[in-house]
Protein chains: 2
Amino acid sequence: MEPAFTQMTVLAPGLLGGSLAIGARQRGLVKRIHVWARRPEVREKCRQQYWCDAAFETPEEAVAGSDLVVICTPVETIHRLARRVAGSLREGAVVTDVGSTKGRLCRLIEAIMPPGRHFVGSHPMAGSEKSGMEFASGTLFETRTCFVTPVETTDPVSVAKIAAFWKALGMEIVTLPPEKHDEIVANISHLPHFTATILCNWLAHGNSDWKGWAGQGLRDTTRVASGSPDMWRAICEENRDEILRALEGFASEFSIMRKALEDRNYDKLFRLFESGKAYRDSMSVKPCKNTELVHG
Amino acid sequence: MEPAFTQMTVLAPGLLGGSLAIGARQRGLVKRIHVWARRPEVREKCRQQYWCDAAFETPEEAVAGSDLVVICTPVETIHRLARRVAGSLREGAVVTDVGSTKGRLCRLIEAIMPPGRHFVGSHPMAGSEKSGMEFASGTLFETRTCFVTPVETTDPVSVAKIAAFWKALGMEIVTLPPEKHDEIVANISHLPHFTATILCNWLAHGNSDWKGWAGQGLRDTTRVASGSPDMWRAICEENRDEILRALEGFASEFSIMRKALEDRNYDKLFRLFESGKAYRDSMSVKPCKNTELVHG
């Protein structure tokens, strides 16, 4: 299959934007890669990269002539940037993003796209507690899940092109409504971030030597707490209701386990450890590939 | 320094016992290594290992003539085994263990040691969610913390010998009272195991596809939930009160974070993410080596 896009613009290349530019160049997915970065020194650094054909001072200039535009800013600025570039998009251009929350954003941006220009929300489940272009890698997306989140009015051809693009970067595609996406990530991503942060904030009350004595278990359990507080603040603002529901669910399981311990119900605790283990053991097997979930 | 021990007996070699036998042999820490295993096929397997000089059918025979005995059974059987071998220990023998909880055990075993035989509790913070001798490795203990937990009446020379033994295996030694140990591990090990298990049990209510879509974050946050339910049941029985206190602490931080989200207090959430991150970022630096904490 011929690549669907000729010229890609990456707005705000950091860890994710840099990685997708490298991956797209290495795999020959696009002919030209243009970027916009707010800071002059980042633009200068981009110009020195083999994957960058041009770096522009304004996002409007950067999107001119591109048939694919990927917005890689944090969630809180995606909408603003989409609005800013909307009038400069060429006919047929497809815009996507890499934001961690989708519901509100996808509907807001759908409403501002001029005729003949299309927005398709994306959320590649790749990244790191590290951020910045210097950690970018062309293999960051391989084998990971990418959520593609069209709304009812999204152009189906654009959805197919965006899905094919992420798939060409090595990802497994899950297509589903943005609100369903937000429910799922509240549980599989935002909730674990909360529990890791809560663990750290609780342990910070203890003797500061404790953390040096911990085994790999505590290190792994809390790793994600090193993520950017700015990014997580924005995720909370965007996905408050779903995160609250996930926290409720965690709290109810927490109460069950605490009560079993209070009651010295060790048989019950054994069964809870057993079911937790069964779930975790099953996690190593990826259960599905490129699923379409219509209203799952 | 001359090795303090000549003949070591490992009772019930699994992941930990096998690893310490390999490590001790590779480093020449003892001249002879004797083992006892309950199952005949495990004894047979031991006899084929280069680190095993003899495998016995009973623990009493296995400890005969040894000046170091390491009990590597799960916590619930350590006391029973110590009582069983006590009468067969040679004059001057030092017994230790690798159990994850210490308070009750150390006091029970101290009370049954015959004159001239010494028990010193140990808890090497090494291991894996995997178990069994086939995963044993001579480097399992390197750079990890080993708690050594004497009670008031423990022979100081034996404490020094046990500490030197673990140190020779590459560990950093922390000497402290067994009850203080139990408080610390309730927080840095048992609490993270609970939160990982609770996360898994909550997520098991969701669509079974979810787990396949999760990023590395969820995998890391829940990894320890794959541990042995039998082992964790026993840890709960031994350390119930301290785990309940740690769960209380987690619950209070959980409420603070949930309330901030309910109240849309995103500035507060930012500060909570920031303090969690500061704690986690500081975890990569090991703050101290070979500390003596008397009543920390």
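Conventions used here
- Residues numbered from 1 in each chain as written.
- Chains lettered and ligands numbered in written order.
- Predicted model: local features only at pLDDT ≥ 70, side-chain atom pairs only at ≥ 80, totals over all residues.
- Helix = DSSP H or I, 4+ residues; strand = E, 2+ residues; numbered from the N terminus.
- Rg over C-alpha atoms; globule rule 2.2 N^0.38 Å.
- Buried ≥ 20, exposed ≤ 12 C-beta atoms within 10 Å, placed from the backbone.
- Contact = placed C-beta atoms within 7 Å.
- Nonpolar A, V, L, I, M, F, W, Y, C, P; charged D, E, K, R; others polar.
- Domains from an automatic or database assignment.
- Axes fitted to C-alpha atoms, helices over the stretch in contact; angles between N-to-C directions.
- Parallel < 35°, antiparallel > 145°, perpendicular 65-115°, else oblique.
- Left-handed = near helix turned anticlockwise from the far one by under 90°.
- Least-squares fit on C-alpha atoms with pLDDT ≥ 70 in both.
- Pairing = 2+ DSSP bridges.

Engineer: Quick one: what's the story with the overall build of chain A, residue by residue and with numbers?
Structural biologist: In terms of helices and strands, chain A carries 11 helices and 10 strands. Relative to the globule expectation of 19 Å for 296 residues, the C-alpha radius of gyration of chain A, 21 Å, shows essentially globular dimensions. Dimensions along the principal axes, computed over C-alpha positions, put chain A at roughly 70 × 45 × 35 Å. Burial status across chain A gives 54% buried among its 296 residues. Nonlocal contacts in chain A, meaning residues at least 24 apart in sequence, comprise 75% of its contacts between residues at least 6 apart.

Engineer: Describe the interface of chain A and chain B, and please don't skip the residues or the numbers.
Structural biologist: At the junction of the two partners, chain A supplies 81 residues and chain B supplies 81 residues. Only α7 (178-203), α8 (210-213), α9 (216-222), α10 (229-262) and α11 (266-282) of chain A provide two or more residues apiece to the side of chain A that touches chain B. Of the residues belonging to the side of chain A that touches chain B, the class tally is 40 nonpolar, 23 polar and 18 charged.

Engineer: Can you break down the domain arrangement of chain A residue by residue, with the values?
Structural biologist: One frequent convention defines the size of an interface as the accessible area lost when the parts assemble. Residues and elements named next belong to chain A. Taken domain by domain, chain A comprises domain 1 (7-177) and domain 2 (181-282). Here domain 1 and domain 2 have C-alpha centroids that lie 31 Å from each other. Taken together, the contact pairs 14 residues of domain 1 with 14 residues of domain 2. Secondary-structure elements contributing two or more residues to the side of domain 1 that touches domain 2 are α4 (75-85), α5 (103-112) and β8 (145-149). Considering only residue class, the side of domain 1 that touches domain 2 consists of four nonpolar, six polar and four charged.

Engineer: Tell me about the packing of α11 of chain A against helix α10 (residues 229-262) of chain B, and please be specific about residues and values.
Structural biologist: Direction vectors running N to C along α11 of chain A and α10 of chain B enclose 140°, while the axes themselves pass 9 Å from each other. It follows that α11 of chain A is oblique to α10 of chain B by the angle criterion. Considering the relative orientation of α11 of chain A and α10 of chain B, their crossing is right-handed. Contacts between α11 of chain A and α10 of chain B involve Tyr266, Leu269, Phe270, Phe273, Glu274 and Lys277 of chain A on the former and, on the latter, Pro229, Trp232, Arg233, Cys236 and Glu237 of chain B. Its residues placed into classes, the contact of α11 of chain A with α10 of chain B shows seven nonpolar, no polar and four charged.

Engineer: I'd love a proper account of the relation of the copies chain A and chain B, names of residues and values included.
Structural biologist: The two copies are related by a screw motion: chain A maps onto chain B through a turn of 180° and a shift of 0.0 Å along the axis, at an RMSD of 0.0 Å. Such a combination of rotation and displacement between the chain copies is what one expects of a two-fold axis. Identified as the residue of chain A closest to the rotation axis by C-alpha distance is threonine 221 of chain A, at 2.0 Å. An overlap of 100% is found between the interface residues of chain A and their copies at the interface of chain B, pointing to a shared contact surface.

Engineer: Could you give an account of unusual backbone geometry, with specific residues and numbers?
Structural biologist: Look at threonine 143 of chain A: it is not a glycine, yet its phi comes out positive at around 70°. As for its placement among the helices and strands, threonine 143 of chain A is situated in the loop between β7 (121-124) and β8. With phi around 70°, alanine 12 of chain B is a residue other than glycine that occupies positive phi space. Counting through the fold element by element, alanine 12 of chain B comes out in the loop between β1 (7-11) and α1 (15-26). On the basis of neighbour counts, which here come to 25 C-beta atoms within 10 Å, the residue alanine 12 of chain B falls in the buried class.

Engineer: Describe the sheet that holds strand β6 (residues 118-119) of chain A, and please don't skip the residues or the numbers.
Structural biologist: All names here are of chain A. Within the open sheet, the six strands sit side by side as β3-β2-β1-β4-β5-β6. Their pairing is parallel. The open sheet terminates on both sides in strands that have one partner only, identified here as β3 (54-56) and β6. The pairing of strand β1 (residues 7-11) with strand β4 (residues 68-71) spans four bridges and is classified as parallel. Paired with valine 10 across the two strands is valine 70, which belongs to β4.

Engineer: Run through the sheet that holds β1 of chain B, naming residues and quoting values.
Structural biologist: All names here are of chain B. One open sheet accounts for six strands, arranged β3-β2-β1-β4-β5-β6; its pairing is parallel. In the strand order of this sheet, the two ends are held by β3 (54-56) and β6 (118-119), each with one partner. Where strand β4 (residues 68-71) and strand β5 (residues 94-97) come together, four bridges link them in parallel fashion. Bridging from a neighbouring strand, valine 70 pairs with threonine 96 of β5.

Engineer: Please set out the environment of valine 224 of chain B residue by residue, giving values where relevant.
Structural biologist: All names here are of chain B. Examined against the element boundaries, valine 224 turns out to sit in the loop between α9 (216-222) and α10. In this structure valine 224 comes out as buried when scored by C-beta crowding, with 26 C-beta atoms within 10 Å. When the C-alpha positions of valine 224 and serine 19 are compared, they lie 20 Å apart, and in sequence the two are 205 residues distant.

Engineer: Report on the environment of tyrosine 50 of chain A, specifying residues and quantitative values.
Structural biologist: All names here are of chain A. Secondary-structure assignment places tyrosine 50 in the loop between α2 (40-47) and β3. Classification of tyrosine 50 as exposed rests on a count of 10 C-beta atoms within 10 Å. For the pair tyrosine 50 and serine 226, spaced 176 residues apart in sequence, the C-alpha to C-alpha distance is 30 Å.

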